[in-house]
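This is what each chain is made of:
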Amino acid sequence: MAASNIKVVALDLDGTLTNDQKQITPRTRAALERAMEQGVTVVLASGRPTAGVRPVAEELDLYRRGGCILSYNGGTIVDCRTGRTLYQNRLPAQVVPALCSFAARQDVAILTYNQEGVVTERPDDPWAAREGAINKLPMIRVENLAAYVDYPVSKMLITLDPARMEEVCRAGQAEFAGQIDLYPSCDFFLEAVPLGVAKDVSLEALLKTMGLTRENLMACGDGMNDRSMIQYAGVGVAMANAAPEVKAAADYVTRADNNHDGVAEAIEAFVLNA
């Protein structure tokens, strides 16, 4: 594919754009800057809340250069330069207390977000605390999460010991079938999002607003929540550290992992040097 055909690069963050220390390495940053200088739009496509993606957008200067934040696994897209919300999908209000009840019965933590940080009844839960650390957001303890959440939310997150993921996921999918989508995004995070929300769906909506098609998109990722956008993109890229199912969906698997500039490898091959 010619370099000029790629107009949008969608990048998962954790395990893809950032290394295991949650840093963007110099080579990857340089490749992204060169791509943006050529007019490529960078979309940071993450399961994180919008506030958790903002520091990365600031680091890449997307608020000046232009670019987008795709957060909540596709529940929201925000234009960094204008601050305008381009796409949004929220959980049905009645599902929020039902999810809180389910988590209580399973004796696992559940959280969501407000403007200030991560909101949960169990801020000291080690798996919940990871979400705050990953996003560099404070943990906010509330007595009753279901009563507290009187505002629309794009995602709730169940956090749990990896040893219990399979059983809790299976139980949740049975209880909420046809109401929401529930799936693991890593060994200890179980995502609860509106039915049909996925990175490919929101990227398709974004491309339409830009007058572009999937052939103009390169998407890079490593996790199961990246598989849809990798399959959808004209060039779908899986990191060397990606799950086997994600690699199987990709057009290209990088030789390097997220700790060794896998994203830079893909941008150099398909955007800068193609």
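Residues numbered from 1 in each chain as written. Predicted model: local features only at pLDDT ≥ 70, side-chain atom pairs only at ≥ 80, totals over all residues. Heavy atoms only, no water.

With an unreviewed UniProt entry as reference, the protein chain is termed Cof-type HAD-IIB family hydrolase, source organism Candidatus Faecalibacterium intestinavium.

S.K.: Go over helix 2 (residues 50-59), please, and point to the residues and values.
M.R.: Looking at helix 2, one finds that the buried residues are T50, G52, V53, V56 and A57. The buried residues of helix 2 all sit within an arc of 150° when viewed along its axis, so they share a single face. On its buried side, helix 2 packs onto strand 2 (41-45), helix 3 (62-65), strand 3 (68-71), strand 4 (76-79) and helix 5 (126-135). Just beyond helix 2, the residue with positive phi is D61, at close to 65°. (Buried < 20%, exposed > 50% of the residue type's maximum accessible area, 1.4 Å probe, protein only. Helix = DSSP H or I, 4+ residues; strand = E, 2+ residues; numbered from the N terminus. Arc of directions from axis to C-beta. Contact = heavy atoms within 4.5 Å.)

S.K.: Please provide a residue-by-residue account of the packing of helix 1 (residues 26-37) against helix 11 (residues 262-272), values included.
M.R.: Closest axis-to-axis distance for the helix 1/helix 11 pair is 8 Å, and the angle between their directions is 25°. Between helix 1 and helix 11, the crossing angle belongs to the class labelled roughly parallel. Handedness of the crossing formed by helix 1 with helix 11: left-handed. For the pair helix 1 and helix 11, contact is made by R27, T28, A31, L32, R34 and A35 and by V263, A264, E265, I267, E268, V271 and L272, respectively. Its residues assigned to classes, the contact of helix 1 with helix 11 shows eight nonpolar, one polar and four charged. (Axes fitted to C-alpha atoms, helices over the stretch in contact; angles between N-to-C directions. Parallel < 35°, antiparallel > 145°, perpendicular 65-115°, else oblique. Left-handed = near helix turned anticlockwise from the far one by under 90°. Nonpolar A, V, L, I, M, F, W, Y, C, P; charged D, E, K, R; others polar.)

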